[in-house]
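So you can see what is in the structure, the chains are spelled out below.
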Amino acid sequence: LGMLKSFKYIIIGGGVAAGYAAREFNRQGLKPGQLAIISKEAVAPYERPALSKGYLNLNPKAAARLPGFYVCVGSGGERLPPDWYKEKGIQLILGTEIVKVNLGLKTLISAAGEIFKFQRLIIATGSTVIRLTDFKVEGADAKNIFYLRELEDANKLVETIKMNQNGKVVIVGGGYIGLEVAAAMRINDFHVTMVYPEPWCMPRLFTPTIAAFYESYYENKGIKIIKGTVAIGFNANVNGEVKGVKLKDGRVVEADIVVVGVGARPLTTLFKGQLEEEKGGIKTDGFFKTSVPGVYAVGDVATFPMKLYNESRRVEHVDHARKSAEQAVKAIKANETGTELEEYDYLPYFYSRSFELSWQFYGDNVGETVFFGDNNSLSPKPKFGSYWIKDGKVVGAFLEGGTPEENKALAKVSRLKCPVENLDQLKKEGLLFASKF
Ligand code: FAD
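Residues numbered from 1 in each chain as written. Predicted model: local features only at pLDDT ≥ 70, side-chain atom pairs only at ≥ 80, totals over all residues. Heavy atoms only, no water.

## Examining the pairing of strand β2 (residues 35-38)
Using the following cut-off: Residue exposure (1.4 Å probe, protein chains only): buried if accessible area is under 20% of the type maximum, exposed if over 50%, otherwise partly exposed. Under the DSSP-based scheme used, a helix requires at least four consecutive residues in state H or I and a strand at least two consecutive residues in state E, with every element numbered from the N terminus. A pair of strands is considered paired only if DSSP assigns at least 2 bridges between the two. Handedness of a crossover is defined as follows: with both strands directed away from the viewer, a clockwise route from the first strand across the helix to the second makes it right-handed.
Burial along β2 is two-sided: Leu35 and Ile37 and Ala36 and Ile38, pointing in opposite directions, are all buried. By the bridge criterion, four bridges tie strand β1 (residues 4-12) to β2 in an arrangement that is parallel. Looking at the pairing, Ile12 lines up with Ile38 of β2. Considered for its hand, the β-α-β crossover made up of β1, helix α1 (residues 16-28) and β2 is right-handed. One ladder, built from three bridges, connects β2 with strand β3 (residues 91-93); its direction is parallel. For Ile38, the partnering residue across the bridge sits in β3 and is Ile93. Of the crossover connections in this fold, the one passing from β2 over helix α2 (residues 82-88) to the parallel β3 is right-handed.

Here it is in C-alpha cells:
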C-alpha cells in the first residue's frame, strides 16, 4: 500500500490557475500544511504564454528564463518562486502525475502509487496538445517534430534550435501558437514556412481584413505562408530526423524542425463518469463548483456560465485561468465563513504578441464587423482595430498597437455593450467612439 498524505485543500495541476489560486489562498488566510499543489511538471507554476514568445529567443539577453516568469508576473503581480510556497507552508508536489481519482473517497493516486486525500479539490489540469499522430499522419513520429505546451517541450525545442542554427523550420497551424512561434524562429534567423488549411490565419477570431495585415507583415519579415492545404506526411533521414513536410497539394517543403500548433483539448479524462460535463469541459456554476460537493474546476477545463452572454462556455486563455482560480478560492472561503460572494461575471479577454506587434481582443466576435485605422503592414507604427456589432450594440473589440488606456476603453465598450446608431459614423470615429464612454 502506498503512503497516504492528507491535505485540507489540494490543487491538481501546477499551471497558471494553480499559481493564482495559491496566491489567493494565502491572501484569504491559510495555515501551513493545509494546501498542496500536485503537478506533473517539475517546476513551480509559471506564466505559460512565455513559452511561445520570449522563451524561444536564442539571444541570451532577450530570452525569458525562470525564475523570470513564475506567476504572478504576467498580470503585474509579485513573482512566486519555489521559496514563496515553502515560506507559506504550501506543499509543491512536483514531477508527480495523478493517474487515478476517486471523488467519492476523496483520494488521488499518483503514478508512483502515493495516495493523497483531500477535503476540497480544485481541478486545474489545463489542456493537452492535439498531435498529428492522433490522426495517424504518416511519419508524424519523426524526430524534431515539436509541440508546445509545457516547459519541457520548450526546452527540447530550444536545444534543437541551437543545433540547427540558420536552418529551416516549418510551422504547421495558423493559430496564435503558430504565429508566435513563426515570429520567434524568424527572429532566430531561421528560414520559416507556415502551413495552414484555412483561407487566413487565426480564422476563429480574425476577420479577413485583420488577417491580411498579419500575413503581409509576416511575409515582409521573410516568412513564407502556404494556405489552403494541409500536411499529410513527413519525410525523414536515416537518423529518423524530419527532413520534409508533404503537403496535400503535392508539394514537399524542406524542414530541419517542424513545430505543430493545431489546437488543444481539456484534460478531463481522470474525472470521466464522476463529474457532470458540458461542451467538452467540466460543468461548473459561477463559483466554479462542479456537480460534486467540495470539488471545483478552473481554467481551461471548466465550462462555466458566462453571464454576459447568457450561455455556458469554456475559455482557453490565461486571463480566465487567473480569474477563475481566484474566484474558486474566494468561493471556498466564502463557503467556510458563510459570507456572500458574487457570481463570476467574465468579459472574455485574449491577446498575442509577436515581432513589434501586440494585439488585444475583448468580448465576443459575433455579428457585423466595422474595421478602422491604419493596417498598412509597412507603416512604422501600424494601429488598427475592429468592432463587432450585434443587435445595434458593440459586443467585441480588437486593437493592434493600442495603449493601455485605449485597450481599457475597448474593454469597457464591449462590457457595456454600447449602442451604435450608425456604422459609417463608427468607422469614421474608430477609437474615438470607445473613448467617449
Ligand atoms: P495549465 O496552465 O495548462 O496547467 C495545467 C497543469 O496541470 C500543468 O502543469 C500540467 O502538467 C498539470 N497536469 C495535467 N494533468 C495532470 C495530472 N494528471 N497530474 C498532475 N498534474 C497534471 N493564453 C492567452 O490568453 N494569451 C497568450 O498569449 C497565450 N499563450 C500561450 C502560449 C502557449 C505556448 C500555451 C501552451 C498556451 C498559451 N495561452 C495563452 C493559453 C494559456 O496559457 C492557458 O489558457 C492557461 O495556461 C490555462 O491555465 P490552466 O491552469 O487551466 O492550465
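There is more to say after this.
## Regarding the pattern of salt bridges
Using the following cut-off: We define a salt bridge as a side-chain nitrogen of Lys or Arg found within 4 Å of a carboxyl oxygen belonging to Asp or Glu.
Tallying each qualifying case throughout the model produces 25 salt bridges. Between Arg27 and Glu24 there is a salt bridge; the shortest N-O distance is 3.1 Å. With Arg27 and Glu24 both in helix α1 and three residues apart, the pair spans about one turn of that helix. We classify Arg27 as exposed; its relative accessible area is 53%. Glu24 sits in the buried class, given a relative accessible area of 4%. Glu41 is the partner of Arg48 in a salt bridge, and the nearest nitrogen-oxygen pair spans 2.9 Å. Overall, the relative accessible area of 15% leaves Arg48 in the buried class.

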